Amino acid sequence: MSVFRTEGSLLFTEKPFVCVLHYNQRLKRCDHCFEDSQCEEKGWPMHKFECPNMKRISPKIVPESVGMMARIIYKLKYCKGLAVKGFYGEKENEYRTFGNLQSHYEELQQDRKRLEDFLSLTHILEDFMGHTEVLPPPTELLTIYGKMLINSFNIMDPNMNTIGSGLYLGASRFDHSCVPNAVATFSGTTISIRLIKPVSPFDWSKVFVSYIDVLQPTSKRISELKKGYFFECQCVFCLDREQQEHMLSMSCPNQKCSEPIYISEEYSSDVSIGNNCQFIIIILERERERERERERDSPLTAKVLSRFYNPSVSSVLINLTLQ
């Protein structure tokens, strides 16, 4: 492995441990490779276990999460899944197995919403597999569920439309950053990890991808990562207060003013005038005075109207900006 990797470098490619095609793609793509062709022979080693159950429950549709769980169980039980290695590097120890994946078992036990989803999934899974299989015990099943939940990727087509989900062992070793230096792309079900920024000196622990939409405000990113992946992001982007404020700012409607106006993430009347622009201060004071006058003139009417129309100071500023 070289000590320097440039922007655009392909780090590795990998086939999924298991994957499931979205139902709305079933008549368009192969269930095995997600391409236009059909791979019945290649897909049969896995499909032969689920095929009788799919026929039995037809015309009911198996939810994708249930299909993924079933395929993981089949893979572990019949296809030596625990011995499968997902290599991400060239060294003999640069790989991950299903046993290496994080499940966040303890956190799941404390997450009431996730537990309710898990119980619902388990009932459907029993209906789908129960006639031919003995399901793993609840603790093992919850561990499998957690590993699937935390480590799965949305598989995208060239137009960035989600066409399925896949669990990739090697790719699961990459941590999240809201300022990623690598990106995942797909060709069929094959995932490719490619650098979008140079890394020097190169080390696998320095490669980060994004798990979520990084253009969201900081509080929403932190909340989504906490709920979905059970960690609080401490990347430089989330810790940069100035960057957060700039993401939520707008240009001052006063053309002679070059300073931004900061608006709270809740998009309410909380506006921070960081530049002492007299033009904006006068506008805000006028709007607040109008609100006070409306409340004084007719408190009851103002209260009723506020339930349907409550223009914030932020919206006033936006309207001025657009004029």
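Everything in this summary refers to the structure shown in the same document. (Residues numbered from 1 in each chain as written. Predicted model: local features only at pLDDT ≥ 70, side-chain atom pairs only at ≥ 80, totals over all residues. Heavy atoms only, no water.)

### Details of the packing of helix α4 (residues 112-129) against helix α5 (residues 138-151)
Then, in step 1: Following both chains from N to C, one finds α4 and α5 inclined at 110°, their axes separated by 11 Å at the closest point. Taken together, the axes of α4 and α5 lie roughly perpendicular to each other. Judged by the sense of rotation from one axis to the other, the crossing of α4 with α5 is right-handed. Residue-level inspection shows Arg-114, Leu-115, Asp-117, Phe-118, Leu-121, Thr-122 and Leu-125 of α4 in contact with α5, the latter providing Pro-138, Leu-141, Leu-142, Tyr-145 and Leu-149.
Then, in step 2: Of the residues that constitute the contact of α4 with α5, the class distribution is nine nonpolar, one polar and two charged. (Axes fitted to C-alpha atoms, helices over the stretch in contact; angles between N-to-C directions. Helix = DSSP H or I, 4+ residues; strand = E, 2+ residues; numbered from the N terminus. Parallel < 35°, antiparallel > 145°, perpendicular 65-115°, else oblique. Left-handed = near helix turned anticlockwise from the far one by under 90°. Contact = heavy atoms within 4.5 Å. Nonpolar A, V, L, I, M, F, W, Y, C, P; charged D, E, K, R; others polar.)

### Digging into the side chain of Glu-50
Then, in step 1: Checked against the element boundaries, Glu-50 lands in helix α1 (residues 40-57).
Then, in step 2: The buried category is assigned to Glu-50, whose relative accessible area is 4%.
Then, in step 3: A polar side-chain atom of Glu-50 sits 3.1 Å from a polar atom in the side chain of His-47.
Then, in step 4: Those residues in contact with Glu-50, other than ones at most four positions away along the chain, are Asp-31, Arg-71, Tyr-74 and Phe-128. (Buried < 20%, exposed > 50% of the residue type's maximum accessible area, 1.4 Å probe, protein only. Polar contact = N/O pair within 3.5 Å; in protein donor to acceptor, adjacent residues only side chain to side chain.)

### Examining helix α6 (residues 218-229)
Every α-helical turn comprises 3.6 residues, leaving residues that sit three or four positions apart pointing alike.
Then, in step 1: Taking 1.5 Å per residue, twelve residues should reach 16 Å; α6 reaches 16 Å between its end C-alpha atoms and fits that length.
Then, in step 2: When we look at burial in α6, the residues that qualify are Thr-218, Arg-221, Leu-225, Gly-228 and Tyr-229. Within α6, the buried residues cover an arc of 120° as seen down the axis, which keeps them to one side.
Then, in step 3: Phe-230 sits one or two positions beyond α6 and adopts a positive phi of about 65°. (Expected span 1.5 Å × (residues − 1). Arc of directions from axis to C-beta.)

### Examining the packing of aromatic side chains
Then, in step 1: Considering all chains together, one arrives at 13 aromatic pairs under this definition.
Then, in step 2: Ring centres of Tyr-168 and Phe-186 lie 6.1 Å apart, and the angle between their planes is 50°; this geometry places the pair in the tilted category. With Tyr-168 in the loop between β6 (162-167) and β7 (175-176) and Phe-186 in strand β8 (residues 182-187), the pair connects residues that are 18 residues apart, well separated along the chain.
Then, in step 3: What makes Tyr-168 buried here is its relative accessible area of 0%.
Then, in step 4: Phe-186 gets classed as buried once you look at its relative accessible area, which sits at 15%.
Then, in step 5: Seen from the ring of Phe-202, Arg-5 lies directly overhead, with NZ or CZ sitting 5.2 Å from the centre.
Then, in step 6: The ring of Phe-17 has Lys-75 sitting right over it, with the charged end atom 5.3 Å from the ring centre. (Phe/Tyr/Trp six-rings, centres within 6.5 Å; stacked < 30°, edge-to-face > 60°. Lys NZ or Arg CZ within 6 Å of the ring centre and 35° of its normal.)

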